2 protein chains.
Amino acid sequence: MLSVPEARARILALLQPTGGEIVALTEAAGRVLAAPVVSRLTQPPHDVSAMDGFALRAADAVVGARLRVIGAAPAGHPFAGPVGPGEAVRLFTGSVVPDGTDCIIVQEDTACDNDIVTLHETGHPGKHIRGKGLDFAAGDTLLDARRLLTARDIGLAAASNHPWLTVHRKPVVAVLATGDEIAMPGEAIPAGGIISSNSHALAAFIRACGAIPTLLPVAPDDRIAIGAAAEAASQADLLITTGGASVGAHDLVQAGLGDRGFDVDFWKIAMRPGKPLMFGRLGTLPVLGLPGNPVSALVSAVLFGKPAIERLCGLAAGAPQTEPARCTVALAANDHRADHLRATLARGADGFWEVTPFGPQDSSMLRRLALADALLLRAPDAPAEKAGAMVPVLRLADCGM
Amino acid sequence: MLSVPEARARILALLQPTGGEIVALTEAAGRVLAAPVVSRLTQPPHDVSAMDGFALRAADAVVGARLRVIGAAPAGHPFAGPVGPGEAVRLFTGSVVPDGTDCIIVQEDTACDNDIVTLHETGHPGKHIRGKGLDFAAGDTLLDARRLLTARDIGLAAASNHPWLTVHRKPVVAVLATGDEIAMPGEAIPAGGIISSNSHALAAFIRACGAIPTLLPVAPDDRIAIGAAAEAASQADLLITTGGASVGAHDLVQAGLGDRGFDVDFWKIAMRPGKPLMFGRLGTLPVLGLPGNPVSALVSAVLFGKPAIERLCGLAAGAPQTEPARCTVALAANDHRADHLRATLARGADGFWEVTPFGPQDSSMLRRLALADALLLRAPDAPAEKAGAMVPVLRLADCGM
């Protein structure tokens, strides 16, 4: 059996980021930069006032000084002329500091009577002035390629005068559910059948990971139909199948894809839930085959599908990031399979996470997975732990799940 | 001056969740349930096999027993007749357990020769059988109203046969930037002007918080124009203004909105960055006025805008959730204003966050905010801390920012 990290590394080794596309700044949040953002201007473009107040010469800034106010310069309306000794100009936050001045005295530290301002505070050169380029200068690389763009980044790209950004194209991820027993929600359920749930959960997960899901029509348990369905996904960047990756005679996904030249890697992963995993290429299309059990499918999607999609999106992809949490119950020693216990999280009095695994962990219990906050990770052969031990957890909401 | 929690409570007290709308299951991830999801079926709908193997009577399940295989029942193809003593039926994971059987012996623990299966393992009633309703039963409330729907929830709603869900309508949040000095990215920049950045960052933030942003045209520093622009937002659920909420003579937002009957609350908040905040109602439209400085605006958006949008979305809204982190540097005692230091986070060797605030914290430094991972929260009058102290941090990515 393969370990989880080995399987993940093999998957990632076969995937390449998508190419770039130009998107409007307003559409770029949550996308991954394919080219760095280099500033097109200097910010602030001039020395500007950090406060509402009066610009003057620091040499004049003594308590009790009375200066003549020769004008006002709201932000966006710079004062035209130079300012001489004994003179002051009314400024506002963001106003350009007029030529001849080098100091701002804030409004609250003055008294103003018609065109005479009396200072109640001293100053020094540069006081309350934001120097030209304090934030950034033209030519500075502000954001690196491969960065997932935040709302703040969008503000920064705007401020540096970029109406367009070059980002990785959103990968298209096709989802193929198989099984004679599968019905769509709201449609007639065949005898012994169940409703398709994996494909809908996977579609939402794929979108949350930054890709575009395509739900292929459910394929019956027929190798010809399965092969044809997979072939229809050839324009996708990744095909995820669910179901049909077990050892039964009716697990036809491998066979159906094999008929089309699928270069198959069928793995048993040393993990619980979700031992069987399939990975390979159908022509140039990478195919990730998840187990059919809902919990196994979705946990496998977090461990293998998320890094795969992140790699396609242009991100540095690897193991999902765990966090430490205090386990509220004792844990038995683990066997040789990495375990992923469905668990709830709560903040303890000291602010740290406290994690409590559910009792039964049957891989068919989707409701329990939905109500879980996290997976509690138990490494292969992890020793028993007493209640209160720190253990690694994976917050499902952080994983797009 | 108002404290941050007081101001937040006053804002939340004036906001109501939007009404419900029906959306397709495939569009419901990330939305907030306005009505509970009650299961329309029982899952599994019958006793089903948890493994690939043979269904038989537990009474026959002794090592060495040879049973006649009278049929096979793939998932979705239940076995029609009853199964008698000495008989077995080949099943697969998810297959309906046939009448007359109460035990599954897994395939690996058998040898099968034509229609005779020899058992290498004992069994007991219920072995490897998932009982009808193990996951959930018809009529169970699976997901409560006010829940933010995850990918797993979508799977659960699908499994319980819901093609449609009732969620809160996405609130529309209009954004009004004001200022003669503001240009849009790529357009001509006026003398002393800067590029609009707050409104673009806020739009991305609003979307990340689950609402629909509308960027109103930038209003010049003219009270008539500002009033008219705000009036145009009357169909929105919330109007966020940026700039114009300071004490200067050219801060005309209050005046412009006042002309239209704005019931204004202008607050100074005991916080840094971002002291000035405006809140009130223009008719029935709630208006949140953020400061003009980029960092002040975006930090205020996290502290006040996010809970406001969450309330509109139907979520239980309150203070953003902090996490504990070990501070890598000593911190000076704080004054009477709550401080929000821009900081980077890294995982320490023990898995806990380590937080390092930037040196200069000028509220005009947008680049530094973009490169920050978190805000380090310093309570009013917090004492000095030595390096290594645990402090609360707010991860910006968790706040839609």
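Residues numbered from 1 in each chain as written. Chains lettered and ligands numbered in written order. Predicted model: local features only at pLDDT ≥ 70, side-chain atom pairs only at ≥ 80, totals over all residues.

> What am I meant to see in the overall build of chain A here?
When helices and strands are counted, chain A shows 7 helices and 26 strands. On C-alpha atoms alone, chain A measures out to a radius of gyration of 31 Å, which is more than a quarter above the 21 Å that the 2.2 N^0.38 rule sets for 401 residues. When the backbone C-alpha atoms are referred to their principal axes, chain A occupies close to 95 × 50 × 40 Å. Here chain A, with 401 residues, has 52% of them falling under the buried criterion. Long-range pairs, those at least 24 residues apart, make up 72% of the contacts in chain A between residues at least 6 apart in sequence. (Helix = DSSP H or I, 4+ residues; strand = E, 2+ residues; numbered from the N terminus. Rg over C-alpha atoms; globule rule 2.2 N^0.38 Å. Buried ≥ 20, exposed ≤ 12 C-beta atoms within 10 Å, placed from the backbone. Contact = placed C-beta atoms within 7 Å.)

> Looking at this structure, I do not really get the domain arrangement of chain A. What am I missing?
Split into domains, chain A comes out as domain 1 (4–17 + 170–313), domain 2 (20–43 + 136–168), domain 3 (48–130) and domain 4 (323–399). Here the C-alpha centroids of domain 1 of chain A and domain 2 of chain A sit 34 Å apart. (Domains from an automatic or database assignment.)

> How should the packing of helix α3 (residues 198–208) of chain A against helix α2 (residues 151–159) of chain B be read in this particular structure?
The description of two packed helices rests on the angle between their axes and on the distance between the axes. Relative orientation of the contacting elements α3(A) and α2(B) amounts to 160°, with a least axis distance of 7 Å. Comparing their axes, α2(B) and α3(A) come out roughly antiparallel. Remark: the crossing between α3(A) and α2(B) carries right-handed chirality. Facing N198(A), H200(A), A201(A), A204(A), F205(A) and A208(A) of α3(A), the residues of α2(B) in contact are A151(B), R152(B), I154(B), G155(B) and A158(B). Broken down by class, the residue content of the contact of α3(A) with α2(B) amounts to 7 nonpolar, 3 polar and 1 charged. (Axes fitted to C-alpha atoms, helices over the stretch in contact; angles between N-to-C directions. Parallel < 35°, antiparallel > 145°, perpendicular 65-115°, else oblique. Left-handed = near helix turned anticlockwise from the far one by under 90°. Nonpolar A, V, L, I, M, F, W, Y, C, P; charged D, E, K, R; others polar.)

> Please clarify how the relation of the copies chain B and chain A should be interpreted in this entry.
Mapping between the two chain copies consists of a rotation about an axis together with a translation along that axis. Expressed as a screw transformation, the operator carrying chain B onto chain A has a rotation angle of 180° and an axial translation of 0.0 Å, and the superposed copies differ by an RMSD of 0.1 Å. On the angle and the small slide along the axis, the relation comes out as a two-fold axis. Of all interface residues in chain B, 100% are interface residues in chain A too; the two copies therefore contact each other through one and the same surface. (Least-squares fit on C-alpha atoms with pLDDT ≥ 70 in both.)

> Please clarify how unusual backbone geometry should be interpreted in this entry.
Backbone phi values are negative for most residues with the exception of glycine, while trans is the configuration of most peptide bonds. At the junction of Q43(A) and P44(A), the peptide bond is cis and its omega measures out at -10° in the coordinates. With respect to the element layout, P44(A) can be found in the loop between β2 (37–38) and β3 (48–49). With an omega dihedral of -5°, the bond running from R272(B) to P273(B) counts as a cis peptide bond. Along the chain, P273(B) turns up in the loop between β19 (271–272) and β20 (276–282). Despite not being glycine, H128(B) has its phi angle at roughly 60°, a positive value. Summarising the element assignment, H128(B) is placed in the loop between β9 (116–119) and β10 (129–130).

> What's the story with the interface of chain B and chain A in this structure? I'm lost.
By a frequent convention, interface size equals the accessible area lost on bringing the separate parts together. Across the contact, 76 residues belong to chain B and 76 residues belong to chain A. For the side of chain B that touches chain A, the residue count by class is 38 nonpolar, 25 polar and 13 charged.

> Looking at this structure, I do not really get the sheet that holds strand β13 (residues 172–177) of chain B. What am I missing?
The strands that make up a sheet pair up through hydrogen bonds in the backbone, lying either parallel or antiparallel. All names here are of chain B. In space, the 6 strands of this open sheet follow the order β16-β13-β17-β21-β20-β18, with mixed pairing throughout. The two strands at the open ends of the sheet, each matched to only one other strand, are β16 (212–215) and β18 (263–268). On average, each strand axis in the sheet is tilted by 20° relative to the strand beside it, whichever way the strands run. Here 5 bridges tie β20 to strand β21 (residues 285–290), and the two strands are oriented antiparallel to one another. Considered in β21, the bridge of L282 is made with L285. (Pairing = 2+ DSSP bridges.)

> Got a minute to help me understand the packing of helix α1 (residues 4–13) of chain A against helix α6 (residues 294–313) of chain A in this structure?
All names here are of chain A. Packing of α1 against α6 brings their axes to within 10 Å, and their N-to-C directions diverge by 30°. When the axes of α1 and α6 are compared, the pair comes out roughly parallel. Crossing of α1 over α6 shows right-handed handedness. Between α1 and α6, the residues in contact are V4, A7, R8, I11 and L12 and L303, F304, P307, A308 and R311, respectively. Class assignment of the residues belonging to the contact of α1 with α6 gives a composition of 8 nonpolar, no polar and 2 charged.

> Is there a simple way to explain the pairing of strand β8 (residues 110–113) of chain B in this structure?
As a general feature of sheets, a regular strand has side chains that alternate between the two faces. Residue and element names in this part refer to chain B. Both β8 and β9 contribute to a ladder of 4 bridges, which runs antiparallel. Counted as the bridge partner of C112 is V117 from β9. Hairpin connection, β8 to β9: the antiparallel pair is bridged by 2 residues, and N114 has positive phi, about 50°.

> Just checking my understanding: could you explain the sheet that holds β9(B) for this structure?
All names here are of chain B. Taken in spatial order, the 6 strands of this open sheet run β7-β4-β6-β5-β9-β8, and their pairing is mixed. Edge strands, defined here as strands with exactly one partner in the open sheet, are β7 (103–106) and β8. Each adjacent strand pair in this sheet contributes to an overall mean axis angle of 35°, direction not counted. By the bridge criterion, 3 bridges tie strand β4 (residues 53–56) to strand β6 (residues 87–91) in an arrangement that is antiparallel. Residue pairing for β6: G53 is matched across the bridge by L91.

> Looking at this model, I keep getting lost on the nonpolar core. Mind explaining?
One recurring pattern in soluble globular proteins: nonpolar side chains tend to sit buried together. V393(A), L239(B) and V393(B) are the most contacted members of the largest nonpolar core, which has 193 residues in total. The contact partners of V393(A), leaving out residues within four places of it in the chain, are T322(A), E323(A), A325(A), A343(A), L345(A), W353(A), V355(A), A374(A), L375(A), L376(A) and L377(A). (Core = buried A, V, L, I, M, F, W, Y, C linked by C-beta atoms within 7 Å.)

> Looking at this model, I keep getting lost on the confidence of the model for chain A. Mind explaining?
Detail in the predicted coordinates should be disregarded across regions flagged by low pLDDT. On average, residues of chain A carry a pLDDT of 93, and 98% of them reach 70 or more. Per the prediction output, this complex has pTM 0.94; the corresponding ipTM is 0.93. (pLDDT = per-residue confidence, 0-100.)

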